[in-house]
Amino acid sequence: MERMAESAWLTFHCETGKQARVATFRHTGGEWQLAEVSADALPEGGTIPGRITKTGPFGIASDYTGCPGCGADSYVRCGECGEMCCWRTSTSHHTCPGCGNHGQVSGRIRSAEAMDVA
Ligand SMILES: [Zn+2]
Ligand SMILES: [Zn+2]
C-alpha cells in the first residue's frame, strides 16, 4: 500500500507585488520539494496557523511550473528574516521582498518554518 506523500505549507513572498502566498511542499525522495505556489495572495491580516520546523534538504518538484504571480522558477530562503521568497535561477543575487535584504544566493535550504495545518 502506497503512503500519501507528507505535505507542508509555507508562506512564500512573491517577488512581484510583495505579496505573501502559500507554497505547498511535498516530502519526496528524502527532500522537501516545492510543488505549487497559490495563485491567490494570503488575505491581508489573515491568520497564520502555528508553525513547525521542517528540516531539509529543500528542492523543487520536477513538475513545478513556476510562481503564478511572478513566474520565478525557483526560490530562496532569506538569510536575514528566514522567509521563503521567489527567485529566478537566471540571477545570482536576490533582494528579499520581506525585509529588503540583498545578497548573493548560495547554499541549499536546510530547514524552514512550516505552517502547522495538520
Ligand atoms: Zn512569485
Ligand atoms: Zn528577508
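Quantities reported herein were computed from a predicted structural model and do not represent experimental measurements.

Student: For the overall build of the protein chain, give the residues involved together with the corresponding values.
Tutor: Broken down by element type, the protein chain carries zero helices and ten strands. The N-to-C order of helical and strand elements in the protein chain reads β-β-β-β-β-β-β-β-β-β. Intrachain contacts of the protein chain at a sequence separation of at least 6 include 51% that bridge at least 24 residues. For the protein chain, the exposed area adds up to about 6,900 Å²; of that, 47% sits on carbon and sulfur atoms.

Student: Could you give me a rundown of the coordination of the zinc ion (ligand 2), with the residues and numbers involved?
Tutor: Donor atoms from the polypeptide that bind the zinc ion (ligand 2) are Cys78 (SG), Cys81 (SG), Cys96 (SG) and Cys99 (SG), placed at 2.3 Å. The coordination sphere of the zinc ion (ligand 2) comprises four donor atoms, whose angles at the metal cover 107 to 114°; the geometry is tetrahedral. Counting along the primary sequence, the residues that act as donors to the zinc ion (ligand 2) give the motif C-x2-C-x14-C-x2-C. The exposure class assigned to Cys96 is buried, which follows from its relative accessible area of 2%. With a relative accessible area of 42%, Cys99 lands in the partly exposed category.

Student: Just give me the short version of the coordination of the zinc ion (ligand 1), but keep the residues and values in it.
Tutor: Only Cys14 (SG), Cys67 (SG), Cys70 (SG) and Cys86 (SG) from the protein coordinate the zinc ion (ligand 1), and they sit 2.3 to 2.4 Å from it. Classification of the site at the zinc ion (ligand 1) as tetrahedral follows from its four donor atoms and the range of 104 to 124° in their angles at the metal. Sequence spacing among the residues donating to the zinc ion (ligand 1) works out to C-x52-C-x2-C-x15-C. Here Cys86 lies in strand β7 (residues 84–87) and Cys70 lies in the loop between β5 (58–60) and β6 (74–77), a separation of 16 residues in the sequence. Like Cys86, Cys70 is buried.

Student: Before we move on, can you summarise the environment of Pro68 with the specific residues and values?
Tutor: Mapped onto the fold, Pro68 is located in the loop between β5 and β6. C-alpha of Pro68 to C-alpha of Ala39: the two residues are 29 residues apart in sequence and 5.4 Å apart in space. What Pro68 contacts, discounting residues up to four positions off in sequence, is Arg21, Val37, Ser38 and Ala39.

Student: Which residues make up the nonpolar core, and what are the values?
Tutor: Core analysis: the biggest nonpolar cluster contains 20 residues, and Phe12, Phe25, Leu34, Phe58, Tyr75 and Met84 have the highest contact counts within it. Those elements that provide at least two residues to this core are β1 (7–13), β2 (20–28), β3 (31–37), β7 and β10 (111–115). Core analysis: the second largest hydrophobic core is formed by five residues, Cys78, Cys85, Trp87 and Cys96 among them.

The rules we used
- Residues numbered from 1 in each chain as written.
- Chains lettered and ligands numbered in written order.
- Predicted model: local features only at pLDDT ≥ 70, side-chain atom pairs only at ≥ 80, totals over all residues.
- Heavy atoms only, no water.
- Helix = DSSP H or I, 4+ residues; strand = E, 2+ residues; numbered from the N terminus.
- Contact = heavy atoms within 4.5 Å.
- Areas by Shrake-Rupley, 256 points an atom, 1.4 Å probe, with all protein chains shown as cover.
- Donors = N, O, S within 2.8 Å, 3.2 Å for Na, K, Ca; no water.
- Tetrahedral: all angles 85-135°; square planar, octahedral: opposite > 155°, others 65-115°.
- Buried < 20%, exposed > 50% of the residue type's maximum accessible area, 1.4 Å probe, protein only.
- Core = buried A, V, L, I, M, F, W, Y, C linked by side-chain atoms within 4.5 Å.

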